[in-house]
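Structural overview for review
Each chain, written out:
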Amino acid sequence: MRALVISDKVEPILYSAGITRHVGAIDLVISCGDLPHYYLEFITSMLGKPTYYVYGNHGREVEYQVGKGETWHRVTEPMGATNLHAAAVKEGDLLLAGLEGSIRYNDAPRFQYTEQAMWAEIWRLAPKLMMNRIRYGRYLDVLVAHSPPWGIHDQPDRPHQGFKSFLWFMRRFKPRYLLHGHIHLYRRNVVTESLFEATTVINVYPYRLMNLEPCVRP
Ligand SMILES: [Zn+2]
């Protein structure tokens, strides 16, 4: 399936009337986080395709006026998109799952996880992956994350360290892809695609158009 995958930065070419022509035919949209709701909602409504996302460490609540009258309702999710955190969904042939946030580096209330807290999120997700395995013969095809794994595309400063638990996750559940953002790229010669066990780890910053295929069974 052809996917538009976005992360971390509002791209003028996508946030414009030219998006449809630029992107071409796609089947789904995936966000790896740290994007404003208006951007995700713009893309969702322009392309009219299923949209999945996880929050990055800068995920925050945004208020909209929805419905009639003067009342402001707090809306904490981008409209028309599905939060993938600790969830597993099937979109066409693809099995998707998500893990939001980054490593904890300050006392912000949400979207930062200690390594131990991320393990707890993985345990929350694991039963859903087990169900996939029973129903479809594989745990998942795509892990949508904000943070990279430990030692792969991550950086030495605390906020940009990856999760060691993601390495275990890839060994155990063998997704075909791990898509992440969080690591902003300023030079062209930085590695953005790495193979770890059966998983291709891809930094999608700021966006990628890619064909995502289900895992090939042995
Ligand atoms: Zn981030």
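The structure under discussion appears in the preceding block.
Rules used in this analysis
Residues numbered from 1 in each chain as written. Predicted model: local features only at pLDDT ≥ 70, side-chain atom pairs only at ≥ 80, totals over all residues. Heavy atoms only, no water. Helix = DSSP H or I, 4+ residues; strand = E, 2+ residues; numbered from the N terminus. Rg over C-alpha atoms; globule rule 2.2 N^0.38 Å. Contact = heavy atoms within 4.5 Å. Areas by Shrake-Rupley, 256 points an atom, 1.4 Å probe, with all protein chains shown as cover. Core = buried A, V, L, I, M, F, W, Y, C linked by side-chain atoms within 4.5 Å. Buried < 20%, exposed > 50% of the residue type's maximum accessible area, 1.4 Å probe, protein only. Salt bridge = Lys/Arg side-chain N within 4 Å of Asp/Glu carboxyl O. Pairing = 2+ DSSP bridges. Donors = N, O, S within 2.8 Å, 3.2 Å for Na, K, Ca; no water. Tetrahedral: all angles 85-135°; square planar, octahedral: opposite > 155°, others 65-115°. Axes fitted to C-alpha atoms, helices over the stretch in contact; angles between N-to-C directions. Phe/Tyr/Trp six-rings, centres within 6.5 Å; stacked < 30°, edge-to-face > 60°. Lys NZ or Arg CZ within 6 Å of the ring centre and 35° of its normal.

Take the overall build of the protein next. On a plain count of helices and strands, the protein comes out with four helices and 15 strands. For the protein, the C-alpha radius of gyration of 17 Å lies close to 17 Å, the compact-globule estimate for 218 residues. Here the contacts in the protein between residues at least 6 apart in sequence split such that 67% fall between residues at least 24 apart. Working note: accessible area of the protein is about 10,600 Å², and carbon and sulfur atoms make up 53% of it.

What follows concerns the nonpolar core. In this structure, L99, L129, L140 and F169 are the most contacted members of the largest nonpolar core, which totals 24 residues. At the level of secondary structure, the elements contributing two or more residues to this core comprise β8 (94–99), α3 (115–136), β11 (142–145) and α4 (164–173). Here L140 is in contact with L95, A97, L129, F169, F173, K174, P175, R176 and C215, once residues within four sequence places are set aside. C32, L94, V142 and V204 belong to the second-largest nonpolar core, a separate cluster that totals 19 residues.

For the structure on display, the rule yields five salt bridges. A salt bridge links R171 to E197, with the nearest nitrogen and oxygen atoms 3.9 Å apart. Taken together, the residues R171 in helix α4 and E197 in the loop between β13 (193–196) and β14 (199–203) connect sequence positions 26 residues apart.

A word on the pairing of strand β1 (residues 2–6). Taking burial as the measure, the five residues of β1 include four buried ones, the bulk of the element. When β1 meets strand β15 (residues 207–211), the two strands line up antiparallel, connected through five bridges. When the sheet's bridge partners are listed, A3 is paired in β15 with M210. Looking at chain direction, β1 and strand β2 (residues 28–31) are connected through four bridges and run parallel. The residue bridging L4 from the neighbouring strand is V29, located in β2.

Every buried residue of helix α2 (residues 37–47) is accounted for by H37, Y39, L40, E41, I43, T44 and L47. Looking one or two places after α2, you find G48, whose phi comes out positive at around 60°.

Moving on: the coordination of the zinc ion. In the first shell of the zinc ion, the protein supplies D34 (OD), N57 (OD1), H146 (NE2) and H182 (ND1), at 2.0 to 2.4 Å from the metal. Around the zinc ion, the four donor atoms sit at angles spanning 81 to 178°, and that spread fits a shape best called irregular. Sequence positions of the donors to the zinc ion reduce to the motif D-x22-N-x88-H-x35-H. Within this pair, whereas H146 is found in the loop between β11 and α4, its partner H182 is found in the loop between β12 (177–180) and β13, the two being separated by 36 residues in sequence. With respect to burial, H146 and H182 carry one shared label: buried.

Our next topic: the sheet that holds β2. Strand order in the open sheet formed by five strands is β6-β3-β2-β1-β15, and the pairing between neighbours is mixed. This sheet does not close on itself; its edge strands, each paired only once, are β6 (82–83) and β15. Against the sheet, α2 contacts β1, β2 and β3 (51–53), and its axis sits at roughly 160° relative to β1.

The next subject is the sheet that holds strand β7 (residues 88–91). Pairing is mixed across the open sheet formed by six strands, whose spatial order is β7-β8-β11-β12-β14-β13. What marks the edges here is a single partner per strand, and that holds for β7 and β13. Averaged over all adjacent pairs, the angle separating strand axes in this sheet is 25°, with direction ignored. As defined by bridge partners, β8 adjoins β11 across four bridges and the pair is classed as parallel. Note on β11: the bridge partner recorded for L96 is V142. Strands in contact with α3 are β7 and β8; relative to β8, the strand with the most contacts, it is inclined by about 170°.

It is worth spelling out the packing of aromatic side chains at this point. Inspection of every chain in the model, using the stated rule, returns 12 aromatic pairs. Their ring planes at 90° and their centres at 5.8 Å tell us that W168 and F173 sit as a pair that is edge-to-face. Judged by relative accessible area, W168 falls into the partly exposed class, the value being 27%. Each member of the aromatic cluster is reached from another via a ring pair, and the members are W119, W123, Y139, W168, F169 and F173. Note that K164 overlies the ring of W150, its terminal NZ or CZ placed 4.3 Å from the centroid.

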